[in-house]
Amino acid sequence: MSKLGGATARVVKGALKARQTRAALTLTNEAVNRIRVLLAQQSDANALKIGVRQKGCNGLTYTLEYAQERQKFDEEVEQDGIKVWIEPKAQLSLLGSEMDYVTNKLSSEFVFRNPNIKGTCGCGESFSI
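Quick caveat: nothing in here was measured; it's all calculated off a predicted structure.

A.B. asks: Explain the environment of Ile82 residue by residue, including any values.
C.D. replies: Within the fold, Ile82 resides in strand β7 (residues 82–86). For Ile82 and Val32, which are 50 residues apart along the polypeptide, the C-alpha to C-alpha distance reads 6.9 Å. Those residues within four positions of Ile82 in sequence are excluded, and the remaining contacts are Leu27, Val32, Ile35, Arg36 and Val77.

A.B. asks: Lay out the pattern of salt bridges in plain terms, naming residues and giving numbers.
C.D. replies: Across all of its chains, the model carries 3 salt bridges by this definition. In this structure, Asp74 engages Lys49 in a salt bridge whose closest nitrogen and oxygen atoms are separated by 2.8 Å. Highlighted residues: Asp74 in the loop between β5 (60–67) and β6 (75–79) and Lys49 in strand β4 (residues 47–54), separated in sequence by 25 residues. Look at Asp74 and you get buried, because its relative accessible area is 4%. A salt bridge links Arg113 to Glu98, with the nearest nitrogen and oxygen atoms 3.0 Å apart. Pair noted here: Arg113 is in strand β9 (residues 108–114) and Glu98 is in strand β8 (residues 97–103), with a separation of 15 residues, a long-range link.

A.B. asks: Could you give an account of the confidence of the model for the protein chain, naming the residues involved and the relevant values?
C.D. replies: For the protein chain, the mean per-residue pLDDT works out to 78, and 67% of the residues sit at or above 70. The secondary-structure element of the protein chain with the lowest mean pLDDT is strand β1 (residues 3–4), recorded at 48, while helix α1 (residues 29–41) shows the highest, at 94.

A.B. asks: Let's hear about the nonpolar core: which residues, and what values?
C.D. replies: One finds Leu25, Ile50 and Met99 to be the most contacted residues of the largest nonpolar core, which totals 24 residues. Counting only elements with at least two residues in this core, the list comes to β3 (25–27), α1, β4, β5, β7, α2 (88–94), β8 and β9. Sort the elements by how many residues they give to this core and α1 lands first, with 5 residues. Setting aside its immediate chain neighbours within four residues, Met99 contacts Leu25, Thr26, Leu27, Thr28, Ala31, Ile35, Leu48, Ile50, Leu64, Phe110, Val111 and Phe112.

Scoring rules and cut-offs
Residues numbered from 1 in each chain as written. Predicted model: local features only at pLDDT ≥ 70, side-chain atom pairs only at ≥ 80, totals over all residues. Heavy atoms only, no water. Helix = DSSP H or I, 4+ residues; strand = E, 2+ residues; numbered from the N terminus. Contact = heavy atoms within 4.5 Å. Salt bridge = Lys/Arg side-chain N within 4 Å of Asp/Glu carboxyl O. Buried < 20%, exposed > 50% of the residue type's maximum accessible area, 1.4 Å probe, protein only. pLDDT = per-residue confidence, 0-100. Core = buried A, V, L, I, M, F, W, Y, C linked by side-chain atoms within 4.5 Å.

If you want it as structure tokens, here you go:
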């Protein structure tokens with residue numbers, strides 16, 4: 001799982017409620033608040049950048065990094081004053097997804113609810129499209 005500021009990212013397979021538009025990515029209030037806190041702790045970061053890389057038993061995993069500059073083909077999602085940039089390789093796999101931040105007694109992590117994935121590994125770290 002990608003680690004960023006003490007948080008991890010997990011993928012959850014499943015459909016979301018129908019939406020009027022297919023946004024690149026929507027953020028829950030919890031995700032917005034956590035990203036705001038993380039960016040405030042990094043004085044040189046202007047956004048959170050989401051990417052994908054090959055890893056795990058199912059093929060792909062999300063990466064989360066602090067970013068200073070938006071690259072030419074990065075998709076920008078701005079919600080409630082925070083910015084998330086999505087790398088080109090991750091854009092199609094994230095289309096229509098929801099990013100949440102979940103905390104329980106044992107962990108706190110970003111969770112991607114992605115209607116596009118075909119399968120996930122048992123731990124939820126990797127996925128296939």
